[in-house]
Amino acid sequence: MANAKEAIDGWLEVAVECGDPIPEATSIEHHMDNPDFTGWIWAVVDIDVTPYLGKSHKINVTLPDLLVKQIDDFVARHPGDKTRSGFLSRVAMAELARNKQAS
C-alpha cells in the first residue's frame, strides 16, 4: 500500500506510451460488488491523470467576473487544484464522467 500511488503512476506512463486509453474512474462499490474480488483489501488512491491526457492547449474562455473571482478564491483555499486551469479541467472531467455514467 505504501507505493500504490507510484505503481499506478508508473502503470499510467507505460499505458500512455503504448497508446492504451486511460481507464475511466468508477466507484469502489463497482469493484467491491464483483465476486472475483471477494475478500480483497480496498483502498482509495487519489491520482491526477492530467499529465497523461496529452498535450495542453491554451484556449480563451469568457466567464463573468464574479464567477472568475469565486473560482480563484476556491483555488486559493484548495491548493490541490493549484491553478484556475487545473480547477476547470478537474471539474470538466468530473462532469463528463458523471454524464457518461448516467447515459
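That block above? That's the structure.
Read on for a plain summary of the structure. What you see is a predicted model, and the numbers here were worked out from it, not measured in a lab. (Residues numbered from 1 in each chain as written. Predicted model: local features only at pLDDT ≥ 70, side-chain atom pairs only at ≥ 80, totals over all residues. Heavy atoms only, no water.)

This part takes up the overall build of the chain. In terms of regular secondary structure, the chain is built from four helices and zero strands. Along the chain, helices (α) and strands (β) appear in the sequence α-α-α-α when read from the amino end. Taken over C-alpha atoms, the radius of gyration comes to 17 Å for the chain, far larger than the 13 Å a tight globule of 103 residues would show. Dimensions of the chain, computed from C-alpha atoms along their principal axes, come out at roughly 50 × 30 × 30 Å. Accessible surface, the chain as shown: approximately 8,800 Å² in total, 59% of it carbon and sulfur. In the chain, the 10 positive side-chain charges and the 16 negative ones have mean positions that sit 11 Å from each other. (Helix = DSSP H or I, 4+ residues; strand = E, 2+ residues; numbered from the N terminus. Rg over C-alpha atoms; globule rule 2.2 N^0.38 Å. Areas by Shrake-Rupley, 256 points an atom, 1.4 Å probe, with all protein chains shown as cover. Lys, Arg positive; Asp, Glu negative; His and termini not counted. Charge placed at Lys NZ, Arg CZ, Asp CG, Glu CD.)

To continue, consider the environment of Glu13. Within the secondary structure layout, Glu13 lies in helix H1 (residues 4-17). Among the residues examined, Glu13 registers a relative accessible area of 42% and is labelled partly exposed. (Buried < 20%, exposed > 50% of the residue type's maximum accessible area, 1.4 Å probe, protein only.)

With that settled, the discussion passes to the packing of helix H3 (residues 65-77) against helix H4 (residues 84-102). In contact at an axis separation of 9 Å, H3 and H4 are set at 95° when each is read in the N-to-C sense. Judged on the interaxial angle alone, H4 and H3 are roughly perpendicular. Two secondary-structure elements touch here, H3 through Val68, Ile71, Asp72, Phe74 and Val75 and H4 through Arg84, Phe87, Leu88 and Arg90. Partitioned by chemical class, the residues of the contact of H3 with H4 number six nonpolar, no polar and three charged. (Axes fitted to C-alpha atoms, helices over the stretch in contact; angles between N-to-C directions. Parallel < 35°, antiparallel > 145°, perpendicular 65-115°, else oblique. Contact = heavy atoms within 4.5 Å. Nonpolar A, V, L, I, M, F, W, Y, C, P; charged D, E, K, R; others polar.)

So, about the packing of aromatic side chains. Across all of its chains, the model carries three aromatic pairs by this definition. Ring geometry for Phe37 versus Trp40: centroids 4.9 Å apart, planes at 75°, classification edge-to-face. Overall, Trp40 belongs to the exposed group, its relative accessible area being 52%. Ring plane angle 90° and centroid distance 6.0 Å describe the contact between Phe37 and Trp42, whose orientation is recorded as edge-to-face. Residue classification places Phe37 among the partly exposed positions, given a relative accessible area of 25%. Every member of this aromatic cluster is reached through a ring pair, and the members are Phe37, Trp40 and Trp42. (Phe/Tyr/Trp six-rings, centres within 6.5 Å; stacked < 30°, edge-to-face > 60°.)

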